[in-house]
Amino acid sequence: MKKEIIEIKRLENLHKYEILDTPPDGYFDDITSLATKIFKVPIALITLVDTDRIWFKSSFGLDAEEIPRSPGLCSSAIMSEDIYIIEDARKDPRALSNPLVAGVMGLQFYAAAPLKSSEGYNLGTLCLIDKEPRHLDPRESSMLMQLSRIVMSQFELKLQARLTVKEVLKNTSNN
């Protein structure tokens, strides 16, 4: 029961940002592009985990806008407070049945840093994907966490700007 309540609160928090299904944003695309260069991976995503889907705010190297939440790796990654890493998906029991691993894509490496809201909810991830097994050293893990905080800071700024505009419009219409 407690997990269900936490998930309901997490989803309410996610929807408050009004980011789902918004158009592409060059700022976030720059971050995923930069992440592929920094970490030398072919794919980087900014994901948001919704009720039944994982929606991509930005995807570099993958031509998709969303995937089903189950059995998405990002659904598991948001349960972690730290970097969630699968170094070799062919040997990791958490990923063996995942269609992205067993299927045509052949995902073998996955690393994700949570996008933590100011209220403490993990809304999604900044994740890295490769078709080759890999390892992240402590320095790289730290950089991935830092990039995820930059993404979340931008989400927070956009939310505050939207709330400020609503307040100004409300005050203007009351006068």
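See the structure above.
So, here's what we can say about the structure.

### Here we look at the sheet that holds strand 6 (residues 122–130)
Phase 1: Strands sit in the order 3-2-1-6-5-4 across an open sheet of 6 strands; the sheet is antiparallel. In the strand order of this sheet, the two ends are held by strand 3 (66–68) and strand 4 (84–86), each with one partner. Taking each pair of neighbouring strands and ignoring which way they run, the sheet shows an average axis angle of 25 degrees.
Phase 2: The sheet contacts of helix 5 (residues 138–174) involve strand 1 (43–49), strand 2 (53–60), strand 4, strand 5 (109–116) and strand 6, and relative to strand 5 the element is tilted by about 40 degrees.

### Digging into the packing of aromatic side chains
Phase 1: Under the definition given, this model contains 3 aromatic pairs.
Phase 2: Seen from their ring centres, tyrosine 27 and phenylalanine 28 are 5.5 Å apart, and the 90 degrees between their planes marks the pair as edge-to-face.
Phase 3: Ring centres of tyrosine 84 and tyrosine 110 lie 6.1 Å apart, and the angle between their planes is 75 degrees; on these two criteria the pair is classed as edge-to-face. A residue pair is termed long-range when its members are at least 10 positions apart, and tyrosine 84 in strand 4 and tyrosine 110 in strand 5 qualify at 26 residues. Each of the two residues, tyrosine 84 as well as tyrosine 110, counts as buried.
Phase 4: Each member of the aromatic cluster is reached from another via a ring pair, and the members are Tyr27, Phe28 and Phe155.
Phase 5: In this arrangement the basic side chain of arginine 94 is found over the ring face of tyrosine 84, its NZ or CZ atom lying 4.7 Å from the centre.
Phase 6: When the ring centre of phenylalanine 109 is taken as reference, the NZ or CZ atom of arginine 134 above it lies at 5.6 Å.

### Remarks on the layout of surface pockets
Phase 1: Within this model, the largest pocket holds a volume of roughly 260 Å³.
Phase 2: Taken together, Lys3, Ile6, Glu7, Arg10, Ile78, Met79, Glu81, Gly120, Tyr121 and Asn122 make up the full set of residues lining the largest pocket.
Phase 3: Here the lining of the largest pocket gets 4 residues from one element, more than from any other, and that element is helix 1 (residues 2–16).
Phase 4: Looking at side-chain class alone, the lining of the largest pocket contains 4 nonpolar, 2 polar and 4 charged residues.
Phase 5: The volume enclosed by the second largest pocket comes to roughly 170 Å³.

About the cut-offs
Here, residues in each chain are numbered from 1, in the same order as that chain's written sequence. Totals for whole chains, interfaces and linings use all residues, but because this is a predicted model, local features are given only for residues with pLDDT of at least 70 and pairs of side-chain atoms are given and counted only at 80 or more. Values shown for side chains rest on all heavy atoms present in the structure; no hydrogens or waters enter the calculation. Being paired, for any two strands, means DSSP has found at least two bridges between them. Secondary structure follows DSSP: runs of H or I at least 4 residues long count as helices, runs of E at least 2 residues long count as strands, and numbering of each begins at the N terminus. Lines fitted to C-alpha atoms define the axes here, with helix axes fitted over just the stretch in contact, and angles between the N-to-C directions of these axes take values from 0 to 180 degrees. In what follows, a contact means two residues having at least one pair of non-hydrogen atoms within 4.5 Å. Stacked, edge-to-face and tilted labels apply to pairs of Phe, Tyr and Trp rings (six-membered ring for Trp) whose centres lie within 6.5 Å, assigned for plane angles under 30 degrees, over 60, and everything in between, in that order. Any residue under 20% of the maximum accessible area for its type is buried, any over 50% is exposed, and the rest in between are partly exposed; the area is computed with a 1.4 Å probe on protein chains only. Here, over-ring charges are defined by two tests on the NZ atom of lysine or the CZ atom of arginine: distance to the ring centre within 6 Å, and angle to the ring normal within 35 degrees. Cavities and pockets are defined on a 1 Å grid built over the protein atoms alone: a cavity is a set of grid points where a 1.4 Å probe fits but cannot escape, while a pocket is an open set with protein on both sides within 12 Å along at least five of seven lines, and lining residues are those with an atom within 4 Å of any such point. Grid points are joined across faces, edges and corners, and a volume is the space filled by probe spheres set on the points. For this classification, the nonpolar set comprises Ala, Val, Leu, Ile, Met, Phe, Trp, Tyr, Cys and Pro, the charged set comprises Asp, Glu, Lys and Arg, and every other residue, Gly included, is treated as polar.

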